[in-house]
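The residues making up each chain are set out below.
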Amino acid sequence: MSGHDSKYFSTTKKGEIPELKEELNSQYKDKRKDAVKKVIAAMTVGKDVSSLFTDVVNCMQTENLELKKLVYLYLINYAKSQPDLAILAVNTFVKDSQDPNPLIRALAVRTMGCIRVDKITEYLCDPLQRCLKDDDPYVRKTAAICVAKLYDINAELVEDRGFLESLKDLISDNNPMVVANAVAALAEIQENSSRPIFEITSHTLSKLLTALNECTEWGQVFILDALSRYKAADAREAENIVERVTPRLQHANCAVVLSAVKMILQQMELITSPDVVRNLCKKMAPPLVTLLSAEPEIQYVALRNINLIVQRRPTILAHEIKVFFCKYNDPIYVKMEKLEIMIKLASDRNIDQVLLEFKEYATEVDVDFVRKAVRAIGRCAIKLERAAERCISVLLELIKIKVNYVVQEAIIVIKDIFRRYPNTYESIIATLCESLDTLDEPEAKASMIWIIGEYAERIDNADELLESFLESFPEEPAQVQLQLLTATVKLFLKKPTEGPQQMIQVVLNNATVETDNPDLRDRAYIYWRLLSTDPEAAKDVVLAEKPVISDDSNLLEPSVLDELLANIATLSSVYHKPPESFVTRVKATTQKTEDDDYPDGSETGYSDAPATAADGGVSPPASSSNVPYAAARQPAAVLVAPAPVPDLLGDLIGLDNNAVVPSDEPAPPSGPPLPVLLPASTGQGLQISAQLTRRDGQIFYSILIENNSQIPLDGFMIQFNKNTFGLASAGPLQVPPLQPGASARTLLPMVLFQNVSAGPPSSVLQVAVKNNQQPVWYFNDKILLHVLFTEDGRMERGSFLETWRSLPDTNEVLKDFPGILLSNIEATLDRLAASNMFFIAKRKNANHDVFYFSAKIPLGIPFLIELTTLSGNPGVKSAIKTPNPDMAPLFFEALETLLKA
Amino acid sequence: MPVAASAIYFLNLRGDVLINRLYRDDVGGNMVDAFRMHIMQTKELGTCPVRQIGGCSFIYMRISNVYIVIVVSSNANVACAFKFVVEAVQLFKSYFGGAFDEDAIRNNFVLIYELLDEIMDFGYPQNLSPEILKLYITQEGVRSPFSSKPTDKPVPNATLQVTGAVGWRREGLVYKKNEVFLDIVESVNLLMSSKGSVLRCDVTGKILMKCFLSGMPDLKLGLNDKIGLEKESQLKSRPAKSGKTIELDDVTFHQCVNLTRFNSEKTVSFVPPDGEFELMKYRITEGVNLPFRVLPTIKELGRTRMEVNVKVKSVFGAKMFALGVVIKIPVSKQTAKTSFQVTSGRAKYNAAIDCLVWKIRKFPGQTEPTLSAEIELISTMTEKKSWTRPPIQMEFQVPMFTASGLRVRFLKVWEKSGYNTVEWVRYITKAGSYEVRC
């Protein structure tokens, strides 16, 4: 081992900070250097050493480059928390930026750009201006990137001070690395701006393509990525570009290769000559294949991209299917992607080989992979008509192995094959029926039942087979129930004999009166009405010819595919999602018309009103996650007042709105107003309202922050004290800077069991919120237990009774709610169910109604609940049993809230 | 955007942060907690190297006992990110003298901070060439395996070299004896069906170079590849010499190789970095000479016995020999007792991996040793499930043999001072994933 830095981690616990302080102020250089190293070590392990700020900054003026770098590193980390003290460092920065040593000049400018403190930013301008014109290319390349940093902090400043022009000049620099960094910086600035800043003309294009040859590998990536946005004027220009880019395919760096592929694919769209296209395809194939001998992680990226490429240009790898055969030791994520590509490349020519492979995979160990392999065989059958029979015989062979999950998966795909080739392969149904008893997965069961119903007239004992499922009808999952219903109706229509007639009675009864599933009930009623009014019409409807399916699974829309191909090598191409669907920072709005500005404010104001009035108990729609919302919004009054809003304000609002839209997070509920936890009177004008909520199985802290003070507030952070359930935030609080009068509402995802407090359960949740301008605010919130009720808390009657009996009476806790009147039972049950407190049964005892419910909180702690009420009279008696009776008070608190709501 | 990272974390297997660096402001400092909670502590770990949690994406890989995690919130260039990690690890290794693990990070954290500051700026990778960085990032205790002279103070024109067109070689190198070592290392990948037909077979080779050359030499490498030879004879307008030629499916080059020139003239010309580097990689699928044939017969005799016979045939020249041959023959998990005979080497049963491991230290060409084993199985009460047989895997090294048939025809060195160079060439073929299904 070369270094011995680990010694810096082992400092004495006692009085560490004062000790370090003393050492930092030592008169000996070496001691000071060691002390700074200790500080950095402490910072690395997460200790807060920000209190040493002044002492560390005092060490900044040194000739020792290593020490200087460490101090700079410290500054980057802590300047934000000590903005006033950070100004102390400015002088040294400015001085360093004029040091004779280019390394120090570059270091100063690089570091200053990383310190995101407004006051410092102003001082950055002059040194940056100088460094952009420095004699030394190393300084210039650093300064180029620094412009992008500055633009991120203060775009206006960059534009005002003419940095963009200086940056554009650097594109013509004689040093390739400077050019590359300037291109990267400009491309990034362009991405975050609505104005055309960095437009690639054919002149710049040609200049940059020439620079490619001399750039470092990363510089080549920057340039290729920037150029891939260029639209060639015609096929000839496109061909010229491609010709100059193709040599990059031979680069050892996978990022260069993928960026080159991206660029070539973009230009190929314009090229009309089939010969040229064919030739290019031939050239691209080997480098793509070579990527598969890189590290598995890089292989994964390559495979996800190849998946896209073969969707657009299937010929590229048509002859290379063998390279996608899985190696036994490939990581699972590589195997899964290879399988997907094998399906896409499967053709009549290679299907025999492919099937042999799939069959081999279907006997491997990893269950997910095996299932996917079986499904792959089915998808090949659907894709290749001539190979369907061979695929089916492989599936039958696999069924004979009698591995449970293989059989079930095979049956699922055979159902699809029947849909694709109706009336062709029924001869195999007998074989399938042999495995009937082993089916225990809903999808497999439903598939088998569908097959029986569809071919009821060809299966002699179809009625017996279906009947065997009917006994357990009430317990089956909805998917199976629906299929059973339809299959029985088909059977009855095809064989209207006595047996099926009785069955249909049972099924219809089960599916209407005895069920609480609206889908099932509706479908059953429709069938029932059809059958009773006009059986012939029923036949026309139920037995109608179905459209033939095709294998379109995992195929992308052409327009989406276009977008993804333009993003080759990026996250977008790995997720197979367009960038805007997962990137939080969206480009600032392009159009700054009045239309864009006003509705934002007025709409939200408008939609808030009725929502507040609406019944708060109804769960918000689950699919609201795509609705973007304005996290930071000016109150309507502010927006409307200055009617002819100057563009500047419009810009600001537009920018704010978009800059912080986390489009992948569920929109905050527009439900009831949140309880105020920190009133403005206590919070020096800062008002915080918040509540825990549960949405889509995840706990969120819904927070509304209103700035009623006179100063802008920013840098909001939140922390939760130890609590019974260890609730803590899953990520940072995403609140934009708030101007006076502005407010922001956000949903903070929460996680459990992070900092669990000892002691008896308590519903108290202590929260601390801070920002850069004010002291830390502390307030108390209450954890309502029903937020923790999990979606899987539903119990079957049997297990409910069993659990109830198995718990000793000491675990039973009683409580009366004398004031509560259950007027609308139905609505109450729905509301409880929406909060994951599931209704199990109802019983009449004299003139009392007794209801039973179950609920579950994380760690699988169940609650069994009995509610007794005299119908029409106020007063609810509650008895609960749970393995953790000490949670009972919390539970009753939640129950009361739920019943009152 | 070619941004590769907003933050980079190095974590140990427990999830403690060993070192981290935030490059951009768009991800919170506590996002690593999300990684710990949603990936490290779940069975998700290892199922997918790119994951999105909340608004952030995590791009991670494990190297020895360290997780390297890149966090981004924009649509970053993933290929760039992974390649950056791979190259950064290379760089650290070259600084620490070979090892990269938890201890090495703790012991060199000051140096790593310094390097992290230098090799990436605002999420954009910068120069990662060890040779150049060592000019001006020097720490006590840094042992460079090939630095010619200790550099006490930064070379004055370091910055010019970092950014120069030859960003991988410094100027003014002087060696008494000018030498070049070429190592052609091939790994042959095979997947053979139980019936002996080749399902997939390819060779990935790399040419490793060690240069101890003075000044700024220009090098040109000639191989016996078909296209290169054809082009050469075309240029010199004389018929190609007869002799074995091979067809390269694909080649990739170190950044020092002039790609445009390769594209037009098919010659590999370059100014090499000093010391050791990987000049090129190539891939071949046609006409591969397999060094070994494996002929297994596995019979299941009733429920509790198995008979395994494996014959391994070496098909390279009789004067050559393979080293470190290991053949792993999988057996059922229910194996109770094994007995076996081998005609060469040693075999034993390794219960941890459910394999018979047969090792032959020195394996001459044109021989065919065999292993025959009898295996008794524990009879299980439950109905016998068909045993899923993993493939037989093989490891080996064959010096002075190339599975592709590749040969170096010449290596020319030009330098303005006109010195003479000594060139050394070695060949070796190793097993990549050499699998035979049974």
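Computed from a predicted model, the values in this text were never measured in an experiment.

Participant: What is the right way to look at the overall build of chain B in this model?
Facilitator: Helix and strand content of chain B: eight helices and 23 strands. Principal axes of the C-alpha set define a box for chain B whose edges measure 75 × 65 × 40 Å. Taken over 438 residues, chain B has a buried fraction of 46%. Restricting to contacts in chain B with at least 6 residues of sequence separation, those with at least 24 account for 71%.

Participant: What's the story with the overall build of chain A in this structure? I'm lost.
Facilitator: On a plain count of helices and strands, chain A comes out with 38 helices and 14 strands. Counting every position in chain A, which comprises 901 residues, the buried fraction comes to 43%. Look at the contacts in chain A between residues 6 or more apart in sequence, and 66% of them connect residues 24 or more apart.

Participant: Just to check I follow, could you spell out the UniProt feature "domain: Beta-adaptin appendage C-terminal subdomain" (unreviewed entry) in chain A for this structure?
Facilitator: According to UniProt, the "domain: Beta-adaptin appendage C-terminal subdomain" (unreviewed entry) feature falls on residues 789-900 of chain A. A distance of 18 Å separates the end C-alpha atoms of residues 789-900 of chain A, which is 29% helix and 36% strand.

Participant: What's the story with the packing of helix 16 (residues 254-268) of chain A against helix 2 (residues 78-96) of chain B in this structure? I'm lost.
Facilitator: Axis angle and axis distance: for two packed helices, these are the angle between their axes and the distance between the axes, and together they describe the pair. Interhelical geometry of helix 16 of chain A versus helix 2 of chain B gives an angle of 165° and a closest axis separation of 8 Å. Between helix 16 of chain A and helix 2 of chain B, the crossing angle belongs to the class labelled roughly antiparallel. As helix 16 of chain A packs across helix 2 of chain B, the resulting crossing turns out to be left-handed. Where helix 16 of chain A abuts helix 2 of chain B, its residues Cys254, Ala255 and Leu258 of chain A lie against Ala79, Cys80 and Lys83 of chain B. Residues that form the contact of helix 16 of chain A with helix 2 of chain B fall into these classes: five nonpolar, no polar and one charged.

Participant: Help me out: how do you make sense of the sheet that holds strand 9 (residues 777-782) of chain A in this one?
Facilitator: Each strand in a sheet pairs with its neighbour through backbone hydrogen bonds, running either in the same direction (parallel) or in the opposite one (antiparallel). Residue and element names in this part refer to chain A. The strand order across the open sheet formed by three strands is 5-8-9, and the pairing between neighbours is antiparallel. Here the strands that pair on one side only, and so sit at the sheet edges, are strand 5 (717-720) and strand 9. The mean angle between the axes of side-by-side strands here comes to 25°, regardless of whether they run parallel or antiparallel. Relative to strand 9, strand 8 (residues 764-770) is paired through six bridges, and the arrangement is antiparallel. By the bridge assignment, Gln766 is partnered in strand 9 with Asn780.

Participant: Looking at this model, I keep getting lost on the pairing of strand 4 (residues 56-63) of chain B. Mind explaining?
Facilitator: Looking down a regular strand, the side chains alternate between one sheet face and the other. All names here are of chain B. With four bridges joining them, strand 3 (residues 50-53) and strand 4 adopt antiparallel strand pairing. By the bridge assignment for strand 4, Arg51 is matched with Phe58. Between strand 3 and strand 4, which pair antiparallel in sequence order, lie two residues; one of them, Gly54, sits at a positive phi of approximately 60°. Pairing of strand 4 with strand 5 (residues 66-72) involves seven bridges; the strand directions are antiparallel. Across the sheet, the residue bridging to Phe58 is Val71, located in strand 5. Where strand 4 folds back onto strand 5 in an antiparallel hairpin, the turn is made up of two residues, including Ser64, whose phi is positive at roughly 45°.

Participant: What am I meant to see in the interface of chain A and chain B here?
Facilitator: Quite often, the size of an interface is put as the accessible area lost when its parts meet. In this complex, chain A contributes 97 residues to the contact, which on the side of chain B involves 87 residues. Within the side of chain A that touches chain B, the residues separate by chemical class into 50 nonpolar, 24 polar and 23 charged.

Participant: What exactly am I supposed to notice about the domain arrangement of chain A here?
Facilitator: Parsing chain A into structural domains produces domain 1 (5-244), domain 2 (460-545), domain 3 (630-783) and domain 4 (789-900). Computed from C-alpha atoms alone, the centre-to-centre distance between domain 1 of chain A and domain 2 of chain A is 70 Å.

Participant: Looking at this model, I keep getting lost on the sheet that holds strand 20 (residues 370-377) of chain B. Mind explaining?
Facilitator: Residue and element names in this part refer to chain B. What the four strands build is an open sheet, ordered 14-15-20-17; its pairing is antiparallel. On the outer flanks of this sheet lie strand 14 (292-301) and strand 17 (335-342), each paired with one strand and no other. Between one strand axis and the next, the sheet turns through 15° on average, direction left out of account. Here strand 17 runs beside strand 20; their pairing, made up of seven bridges, is antiparallel.

Participant: In this structure, what is going on with the confidence of the model for chain B? I would like to understand it.
Facilitator: The predicted coordinates of low-pLDDT regions are not to be read in fine detail. All names here are of chain B. Counting all residues, the mean pLDDT for chain B is 86, and 91% of those residues have values of 70 or more. Confidence over residues 140-154 falls short of pLDDT 50; this stretch has 18 contacts with residues more than four positions distant or in other chains. Taken together, the chains of this predicted complex give a pTM of 0.73 and an interface ipTM of 0.85.

Participant: Honestly, unusual backbone geometry in this entry has me stumped. Any pointers?
Facilitator: Glycine aside, the phi torsion of most residues is negative, and most peptide linkages are trans. All names here are of chain B. In this structure, Phe122 takes a positive phi of about 55° despite not being glycine. Among the structural elements, Phe122 can be located in the loop between strand 6 (120-121) and strand 7 (124-125). Judged by the 24 C-beta atoms lying within 10 Å of it, Phe122 falls in the buried class. Even without glycine at this site, Met400 takes up a positive phi of about 60°.

Participant: Just checking my understanding: could you explain the domain arrangement of chain B for this structure?
Facilitator: Each domain of chain B was delimited in the assignment, giving domain 1 (7-163), domain 2 (180-288 + 403-430) and domain 3 (292-399). Put simply, the middle of domain 1 of chain B and the middle of domain 2 of chain B, counted by C-alpha atoms, are 31 Å apart.

Participant: Looking at this structure, I do not really get helix 20 (residues 351-361) of chain A. What am I missing?
Facilitator: Each α-helix turn comprises 3.6 residues. Residues three or four places apart therefore point the same way. Inspection of helix 20 of chain A places Ile351, Val354, Leu355, Glu357, Phe358, Glu360 and Tyr361 of chain A among the buried residues, and these make up the whole buried set. The secondary structure elements touched by the buried residues of helix 20 of chain A are helix 19 (332-345), helix 21 (367-383) and helix 22 (388-401) of chain A.

Participant: Looking at this model, I keep getting lost on helix 7 (residues 102-114) of chain A. Mind explaining?
Facilitator: All names here are of chain A. For helix 7, which comprises 13 residues, the first-to-last C-alpha distance of 19 Å matches the rise-based estimate of 18 Å (1.5 Å per residue) to within 8%. Burial analysis of helix 7 places 12 of its 13 residues in the buried class, the great majority of the element. Pro102, Leu103, Arg105, Ala106, Leu107, Ala108, Val109, Arg110, Thr111, Met112, Gly113 and Cys114 are the residues of helix 7 that are buried.

Participant: Looking at this structure, how should I read the packing of helix 16 of chain A against helix 17 (residues 274-290) of chain A?
Facilitator: All names here are of chain A. Running from N to C, helix 16 and helix 17 cross one another at 165°; their axes reach a closest spacing of 11 Å. The angle between the axes of helix 16 and helix 17 places the two elements in the roughly antiparallel class. The element helix 16 and its partner helix 17 pack so that their crossing is left-handed. For the pair formed by helix 16 and helix 17, the contact residues are Val257, Val261, Ile264 and Met268 on the first element and Val277, Leu280, Met284, Pro287 and Leu288 on the second. Within the contact of helix 16 with helix 17, the residues separate by chemical class into nine nonpolar, no polar and no charged.

Participant: Mind showing me how you'd approach the environment of Ile392 of chain A here?
Facilitator: Residue and element names in this part refer to chain A. The topology assignment puts Ile392 in helix 22. Judged by local crowding, Ile392 falls into the buried class, with 22 C-beta atoms found within 10 Å. For the pair Ile392 and Ala346, spaced 46 residues apart in sequence, the C-alpha separation works out to 16 Å. Once residues within four sequence positions are removed from consideration, Ile392 is found in contact with Ala381, Ile417, Tyr425 and Ile428.

Participant: Where do I start with the environment of Ile19 of chain B in this structure?
Facilitator: Tracing the chain through its elements places Ile19 of chain B in strand 2 (residues 17-22). Overall, Ile19 of chain B belongs to the buried group, with 21 C-beta atoms counted inside 10 Å. Those residues in contact with Ile19 of chain B that lie beyond four places of it in its chain are Thr44 of chain A together with Phe10, Ile105, Phe109, Ile112 and Tyr113 of chain B.

Conventions used here
- Residues numbered from 1 in each chain as written.
- Chains lettered and ligands numbered in written order.
- Predicted model: local features only at pLDDT ≥ 70, side-chain atom pairs only at ≥ 80, totals over all residues.
- Helix = DSSP H or I, 4+ residues; strand = E, 2+ residues; numbered from the N terminus.
- Buried ≥ 20, exposed ≤ 12 C-beta atoms within 10 Å, placed from the backbone.
- Contact = placed C-beta atoms within 7 Å.
- UniProt positions renumbered as here; feature names shortened; annotations may be inferred.
- Axes fitted to C-alpha atoms, helices over the stretch in contact; angles between N-to-C directions.
- Parallel < 35°, antiparallel > 145°, perpendicular 65-115°, else oblique.
- Left-handed = near helix turned anticlockwise from the far one by under 90°.
- Nonpolar A, V, L, I, M, F, W, Y, C, P; charged D, E, K, R; others polar.
- Pairing = 2+ DSSP bridges.
- Domains from an automatic or database assignment.
- pLDDT = per-residue confidence, 0-100.
- Expected span 1.5 Å × (residues − 1).

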